[in-house]
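Structural description and commentary
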Amino acid sequence: EALRLIEVEYEELPVVEDVLDAMKEGAPLVQPDLKTETLGKPPAGPSNIAAHIEMGRGDVKAGFAQAAVVLENTFRTQMVHQGYIEPHAATARVNPNGTVTVWTSSQGSFAFRMQLAAVLNLPLGKIRVIPLEVGGAFGGKTIILLEPLCILLARKAGRPVKMVMTREEELRASRPGSPSVITIKTGATKEGLLTAVEAKLIFDSGAAPGSPEGGGVVTGLAPYKVPNLKIEGYGVLTNKPPVGAYRAPGATQAAFAVESQMDLMAQALGLDPLEFRLKNIAGEGDPLPDDTKLDRVGFRQALERMAQHPAWKSPLGGSHRGRGLACGYWTGATGTSSCHLVVNADGSLSLVVGSVDLTGTRTSLTQVVAEEFGVPPEQVSITTGDTDTVGFTDVSAGSRITYTMSAAVHRACQDAKAQLAQVAAARLQARPEDIEYVEGQFRVKGSPDKAMPLLMAARNSMRAGDGPVTGRGAVTRLKSAPSFAVHAVDLEVDPETGKVKLLTYTAIQDVGYAINPTLVEGQIQGGVAQGIGWALSEGYRFDHGVLANATLLDYRQPTAADVPAINTELVEIAAPDGP
């Protein structure tokens, strides 16, 4: 009855949908007080440009003067949704003492706790975030949406409150991937060596700052050695939903533009696209656009394997068919990861990790513990802890969890074994430093007959040494573990309708060390399926600021009928700080 009595009067304001229009002088301001964040000249007044970054090296003008071929092109990508199966969902309870408990589907319980503390002005210790199983995320569940609303409603009602977004609400009001307008100018010698690149990457941030221009600027040209480089990134506000991360944020848009440009350069030079790339690829020690030096990578190996692969060498029969090649780079996030390992009295091992499992990482981490102790995986249990039960851990994002958390797990295993060695040493009448762990036994070095099995050491630890054993593991700021991808696709186009049929798809990727190759292949195949949707069918459609296709009937994601068999091959060049 109260709702029916409310009358709302709207003053309709001009809508800014396109980033290029939003950057023009005199454009309507999405946020009237926003000033550009930049290391350059301070802005004179408010603007729709939220951020401006610039990187470069050498002399771009001189580099273009050396070139036999110079091309400049502009590429656009659209706003797309991450497409997770489970929508955002959260439940909150406010206890009589003012503490808050939140159950949520998120990529990081500690990140959510910090965001909630800031929004609600609560101490971190007053908030407990319990992560639940996540039905997909892909970067779309790193920022609070429903959680503060649930808490405020629960506080008002004195009862727990649960909220779940509908699919229409997901499309209208979550944080989709950023659209972009990318202009690239490239120069190369007649032999096919790049001499200069100038690029401007403009990312649509939606109605609030937070677009991935930083990721795009660093990653797009990372696969190539460019002696003279100038690259700018812009984050620009428009009247659209604020954007978020989507599988290597900024890198996908930048790679689409850069790789399209590389194909056009190869065509203009009369070179095979793969050969042109091989002439210009970056390797260990080469600088990225931000002058960070590349660590060990397998980019050349991946490209050379593709050069000999039937996906590239076999004849392409039939009419209206084409073959495409593209490369991609991702820095690999690091951050902080924490865990602890409890040794039980029966010799079983209980691992508690701070990372949310999105991609089967618990299986990989179980493998690490099992191998460290020489026990079957069935002897290891693993739990995702909440913010009150395990140490601080960054979000499960950026391809960082298996890399960083397995290093933390390795440390926890070493810590636990060191404590058990003290227990064994006392019983074996030896010094702890003389105890080694071999094939499930703690034994005295040089005296293999003097040994104690893991089960006995675990049982004795309940009443000996320093007591029950819990190993602690934490890592932060490991060296980056960059990865490279080389993909090839054959497709057929119906000249009457424009419909694209994918025939074959091959992905060869440098993945570091694959602890669980099956899970790695699944990640690659999932990424390919999402890329197919981004390229061929997906995209937000706006009409004066209103989303016109807010259902999965009109926002068309690829189905099993649209995705071909995806052949994956792994190049394994282990990362420097891996366990």
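You'll find the structure just up there.
The notes below deal with the structure included here.

Moving on: the overall build of the chain. Helix and strand counts for the chain stand at 15 helices and 23 strands. Expected size for 579 residues packed as a compact globule is a radius of gyration near 25 Å; at 27 Å, the chain falls within 12% of this value. Split into buried and exposed, the 579 residues of the chain put 48% on the buried side. For the chain, the exposed surface amounts to about 27100 Å²; the carbon and sulfur share of it is 52%.

Reading across the sheet, the 3 strands line up as E15-E16-E17 and stay open at both edges, with antiparallel pairing between neighbours. One side of each edge strand has no neighbouring strand; the edge strands of this open sheet are strand E15 (435-438) and strand E17 (447-453). Adjacent strand axes in the sheet meet at a mean angle of 35 degrees, parallel and antiparallel pairs treated alike. Bridge count for E15 against strand E16 (residues 441-444) is 4 bridges, and the pairing is antiparallel. Looking at E16, one finds that Val-438 is bridged to Gln-441.

With 13 residues, helix H12 (residues 361-373) should reach 18 Å at 1.5 Å per residue; the first-to-last C-alpha distance of 19 Å fits that figure. Positioned one or two residues after H12, Gly-374 has a phi angle of 65 degrees, which is positive.

Turning to unusual backbone geometry, a few remarks are in order. The backbone phi angle of Ala-248 is positive, close to 65 degrees, even though this residue is not glycine. One non-glycine residue, Ser-399, lies in positive phi territory at about 65 degrees. Take Ser-399: it is sitting in the loop between strand E14 (380-384) and helix H13 (401-428).

With that settled, the discussion passes to H13. Over its 28 residues, H13 runs 39 Å from end to end, which matches the ideal 40 Å to within 8%, given 1.5 Å per residue. Within two residues after H13, Gln-429 carries a phi angle of roughly 55 degrees, on the positive side.

This paragraph deals with the packing of helix H8 (residues 251-269) against helix H9 (residues 273-280). Between H8 and H9, the least distance of the axes is 9 Å, while the angle of their chain directions is 105 degrees. On the basis of the axis angle, H8 is roughly perpendicular to H9. Across from Glu-259, Met-262, Asp-263, Met-265, Ala-266 and Leu-269 in H8, the residues of H9 making contact are Pro-273, Phe-276 and Arg-277. Each residue belonging to the contact of H8 with H9 can be placed in one class, and the counts come to 6 nonpolar, no polar and 3 charged.

Scanning all chains against the criterion turns up 2 cavities of 30 Å³ or more. Roughly 40 Å³ of internal volume is contained in the largest cavity. Every residue along the wall of the largest cavity is listed here: Ile-182, Ile-184, Ala-199, Leu-201, Gly-216, Gly-220, Leu-221, Ile-231, Ala-254, Ala-257 and Val-258. Secondary structure elements with two or more residues in the lining of the largest cavity: strand E8 (180-188), strand E9 (194-206) and H8. Its residues assigned to classes, the lining of the largest cavity comprises 9 nonpolar, 2 polar and no charged. In this structure, the second largest cavity spans a volume of roughly 30 Å³. Lining the second largest cavity are Gly-177, Ser-178, Pro-212, Gly-244, Ala-245, Tyr-246, Pro-249, Gly-250, Gln-253 and Trp-534. Within the lining of the second largest cavity, the residues separate by chemical class into 5 nonpolar, 5 polar and no charged.

Quick notes on the rules
Residues numbered from 1 in each chain as written. Predicted model: local features only at pLDDT ≥ 70, side-chain atom pairs only at ≥ 80, totals over all residues. Heavy atoms only, no water. Helix = DSSP H or I, 4+ residues; strand = E, 2+ residues; numbered from the N terminus. Rg over C-alpha atoms; globule rule 2.2 N^0.38 Å. Buried < 20%, exposed > 50% of the residue type's maximum accessible area, 1.4 Å probe, protein only. Areas by Shrake-Rupley, 256 points an atom, 1.4 Å probe, with all protein chains shown as cover. Pairing = 2+ DSSP bridges. Axes fitted to C-alpha atoms, helices over the stretch in contact; angles between N-to-C directions. Expected span 1.5 Å × (residues − 1). Parallel < 35°, antiparallel > 145°, perpendicular 65-115°, else oblique. Contact = heavy atoms within 4.5 Å. Nonpolar A, V, L, I, M, F, W, Y, C, P; charged D, E, K, R; others polar. 1 Å grid on protein atoms, 1.4 Å probe; cavity = no way out; pocket = protein on both sides within 12 Å on 5 of 7 lines; lining within 4 Å. Points joined across faces, edges and corners; volume = space filled by probe spheres on them.

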